[in-house]
Amino acid sequence: MDIKNFVKAGIRSLSAYEVKEIPCKVKLDANESPYGFKGLLKALKFIKTNRYPDPEARFLKKFISRDFGVKPENILHGNGSDELIYYLITTFGGPVLFPIPTFSMYGIISQALGEKRIAIPLEKEFDLDLEKILKAIKNQKPKLIFLSSPNNPTGNCFSSDRILKIIEVSNGIVIVDEAYQPFASDKGFMPMLKDYKNIVIMRTLSKIGLAGLRVGFLIADEEIINEVNKVRLPFNLNSLSQAAAVEVLKNKKVLKSCIKSITSERGRLFGEMAKIKGIKPYPSEANFILFRIKEPDKIYKGLLKKGILVRNMSGVVNNCLRVTVGTPEENMGFIKVLKEVI
Ligand code: PMP
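On a predicted model such as this, the values are computed, not experimentally measured, just so you know.

A. Main features of the overall build of the protein chain. Each helix and strand in the protein chain was counted, giving 13 helices and 13 strands. Expected size for 342 residues packed as a compact globule is a radius of gyration near 20 Å; at 20 Å, the protein chain falls within 12% of this value. Reported as C-alpha extents along the three principal axes, the dimensions of the protein chain are approximately 55 × 55 × 55 Å. Per-residue burial for the protein chain yields a buried fraction of 50% across its 342 residues. Across the protein chain, the fraction of contacts at a sequence separation of at least 24, relative to all contacts at a separation of at least 6, is 71%. Carbon and sulfur atoms form 55% of the exposed surface of the protein chain, whose accessible area is close to 17,200 Å².

Structure (C-alpha cells):
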C-alpha cells in the first residue's frame, strides 16, 4: 500500500514546516525572547488537571481586553497565532494574498487547505508593492490578505499609508499580523479597528517570553470573531497556558523591561554589525536583524561550529542570514564570533 496515493494532492506536494533541533550554545535563530518567566508556579495552584480548560479563556480575555481597550467579544484566543492563521483560512477560504518574503505559514496553511495563494514580491526596500497588490485585489479578489508588520524576516514595518490603502480597497479581510509590534516604534493598527470592519489584528505572546506556552489572539469586529470561533477546537488553549499567561500579563513592569532591553540591544547590535566590513544589516522594528553577507552558507556553518545558531534565510532572501536579538552577553558573543568567522 502506498500511503502517498491516499494523501490529498495539495498535501502530497507540501513540505512540512521545518524546525530542526540544532545543538548550540547560543540560540539566536527563532525570534524568541532571551528572557523567560520564572515564578509561574503560582499559576499552577489554580489548575484543575482533571477538568478541561475554560473553552472561552474568559479570565485571559479579561486581561487582554483591559490591556488593549477592547471588549472580550472582540477577542479570539489561539494555541499560538499559527493556529489562528489556520482558523482564518478555514473560515473564509482563499484566494489568500501575502507579500514575499514573509512568514511562511500563510502560504503553507493556504496550500494545506487547498486554497489559492497570491504571493506578491516586496519592493527593493522591503515595502509593499502597492501597485501590484491593488491590481491583484481588483483582478483576483483575495478573501484574505496577510500583512506581517513588522515583517518577518525583513524586520521593517510596511508604510502605514500603503496598508491603509489596501484595507480601504479590499473587499476581503486584511489581517495585520503584529507578532513583533511590541518592539516597533509606531502604534500599529489597533486604533484603526474602530474605522474599518475588515481588519483583523493578530498578536502573540511568543516573542515576548512565552513561546513555550503557545498563546496567540485575534482582535476584530465581533461578527468576524463569531465566524472564526465556529471552527475553533473547543479546548484549544490548555489551562496551564491560560493561567500562566494571565500571571505574565499581570506583571506589566517585568514585561516592559524585557522589551526595553531587547529594543535597546537591537540598536547596539545593529551598530556593531554595521561597522563590520562585508555585512549589510537591515534596520529592524522587530526582535531580530536580517543581514546580507557574502557566502551566507559558509558563515552560517562557521557560526554554528562556534556554538552560535542563527537562521539561514538565503533560500528566501538572497545572501541573507537572520539573527535574533539576545541578552547583551549573547549579542557580544555573536559579534565576536561573527568577526572571527568572516
Ligand atoms: N506571525 C509571525 C509574523 C511570526 O514570525 C510568527 C512566529 N515565527 C508567528 C506569527 C507565529 O507565532 P506563534 O508562536 O504565536 O504561533
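B. Seen up close, the environment of Ile145. Assignment of secondary structure puts Ile145 in strand E5 (residues 144-148). Of the residues examined, Ile145 reaches a relative accessible area of 0% and is grouped as buried. Between the C-alpha atoms of Ile145 and Phe126, which are 19 residues apart in sequence, the distance is 17 Å. The contacts of Ile145, once residues within four sequence positions are left out, are Leu97, Ile137, Ile166, Ser170, Ile173, Val174 and Ile175.

C. Expanded view of the pairing of E5. The element E5 is largely enclosed, with a buried count of 5 among its 5 residues. Where strand E3 (residues 96-100) meets E5, 2 bridges bridge the pair, whose relative direction is parallel. Note that in E5 the partner of Leu97 across the bridge is Ile145. Sheet analysis places E5 next to strand E6 (residues 173-177), joined by 5 bridges and oriented parallel. Paired with Leu144 across the bridge in E6 is Ile173. What joins E5 to E6 is helix H8 (residues 160-169), and the crossover it makes is right-handed.

D. Quick peek at the packing of aromatic side chains. Overall, the coordinates contain 9 aromatic pairs when judged by the stated rule. When the ring of Phe59 is compared with that of Phe63, the centres are 5.4 Å apart and the planes differ by 85 degrees; the resulting orientation is edge-to-face. Note that Phe59 and Phe63 are positioned in helix H4 (residues 58-68) at a spacing of 4 residues, about one turn of the helix. Look at Phe59 and you get partly exposed, because its relative accessible area is 45%. Three or more aromatic residues joined by ring pairs make a cluster, and in this case those are Phe98, Phe103, Tyr106 and Phe146. The aromatic ring of Phe288 is capped on one face by Arg322, whose charged end is 5.5 Å from the ring centroid.

E. Representation of the domain arrangement of the protein chain in the model. In terms of domain boundaries, the protein chain breaks down into domain 1 (3-30 + 253-341) and domain 2 (51-250). In this structure, domain 1 and domain 2 have C-alpha centres spaced 23 Å apart. For the pair domain 1 and domain 2, the two sides together bury roughly 2,000 Å², of which 66% comes from carbon and sulfur. When residues of domain 1 are sorted by the area they lose upon contact with domain 2, Tyr17, Leu255 and Glu285 head the list and together hold 31% of the total. At the surface where domain 1 touches domain 2, the tally comes to 0 salt bridges. Between the two partners, domain 1 and domain 2, sit 6 residue pairs in polar contact (both at pLDDT 80 or more). For the side of domain 1 that touches domain 2, the secondary-structure elements that each account for two or more residues are helix H2 (9-12), helix H11 (252-275) and strand E10 (288-293). By residue number, the principal contributor to the side of domain 1 that touches domain 2 is H11, which donates 5 residues.

F. Expanded view of unusual backbone geometry. Cis geometry is found at the peptide bond from Gly94 to Pro95, where omega equals 0 degrees. Locating Pro95 in the fold gives a position in the loop between helix H5 (81-92) and E3. Cis peptide bonds are those with omega within 30 degrees of zero, and the linkage from Ser149 to Pro150 qualifies with 0 degrees. Residue placement: Pro150 occurs in the loop between E5 and H8. The backbone of Asn31 shows a phi angle near 55 degrees, a positive value even though the residue is not glycine. Examined against the element boundaries, Asn31 turns out to sit in the loop between strand E1 (26-27) and helix H3 (41-45). Of note in the backbone geometry, Phe126 takes a positive phi value of approximately 70 degrees without being a glycine. Looking at the element boundaries, Phe126 is found in the loop between strand E4 (117-121) and helix H7 (130-140).

G. Here's a closer look at the site of the ligand. Around the ligand lies a shell of 14 residues, among which Asp177, Tyr180, Thr204, Ser206 and Arg214 are the nearest. Arg214 places a side-chain nitrogen or oxygen 2.6 Å from an oxygen atom of the ligand. Burial of the ligand by the protein chains amounts to 93% of its free accessible area of 400 Å². Classifying every residue of the shell around the ligand gives 4 nonpolar, 6 polar and 4 charged.

H. Quick peek at the packing of H5 against helix H9 (residues 222-229). Here H5 crosses H9 at 95 degrees, and the two axes come no closer than 9 Å. Taken together, the axes of H5 and H9 are roughly perpendicular relative to one another. For the pair H5 and H9, contact is made by Tyr87, Leu88, Thr91 and Phe92 and by Ile224, Glu227 and Val228, respectively. In the contact of H5 with H9, the residues fall into 5 nonpolar, 1 polar and 1 charged.

Reading guide: rules and limits
Residues numbered from 1 in each chain as written. Predicted model: local features only at pLDDT ≥ 70, side-chain atom pairs only at ≥ 80, totals over all residues. Heavy atoms only, no water. Helix = DSSP H or I, 4+ residues; strand = E, 2+ residues; numbered from the N terminus. Rg over C-alpha atoms; globule rule 2.2 N^0.38 Å. Buried < 20%, exposed > 50% of the residue type's maximum accessible area, 1.4 Å probe, protein only. Contact = heavy atoms within 4.5 Å. Areas by Shrake-Rupley, 256 points an atom, 1.4 Å probe, with all protein chains shown as cover. Pairing = 2+ DSSP bridges. Right-handed = clockwise from strand over helix to strand, strands pointing away. Phe/Tyr/Trp six-rings, centres within 6.5 Å; stacked < 30°, edge-to-face > 60°. Lys NZ or Arg CZ within 6 Å of the ring centre and 35° of its normal. Domains from an automatic or database assignment. Buried area = accessible area lost by both parts, 1.4 Å probe. Salt bridge = Lys/Arg side-chain N within 4 Å of Asp/Glu carboxyl O. Polar contact = N/O pair within 3.5 Å; in protein donor to acceptor, adjacent residues only side chain to side chain. Near = heavy atom within 4 Å. Nonpolar A, V, L, I, M, F, W, Y, C, P; charged D, E, K, R; others polar. Axes fitted to C-alpha atoms, helices over the stretch in contact; angles between N-to-C directions. Parallel < 35°, antiparallel > 145°, perpendicular 65-115°, else oblique.

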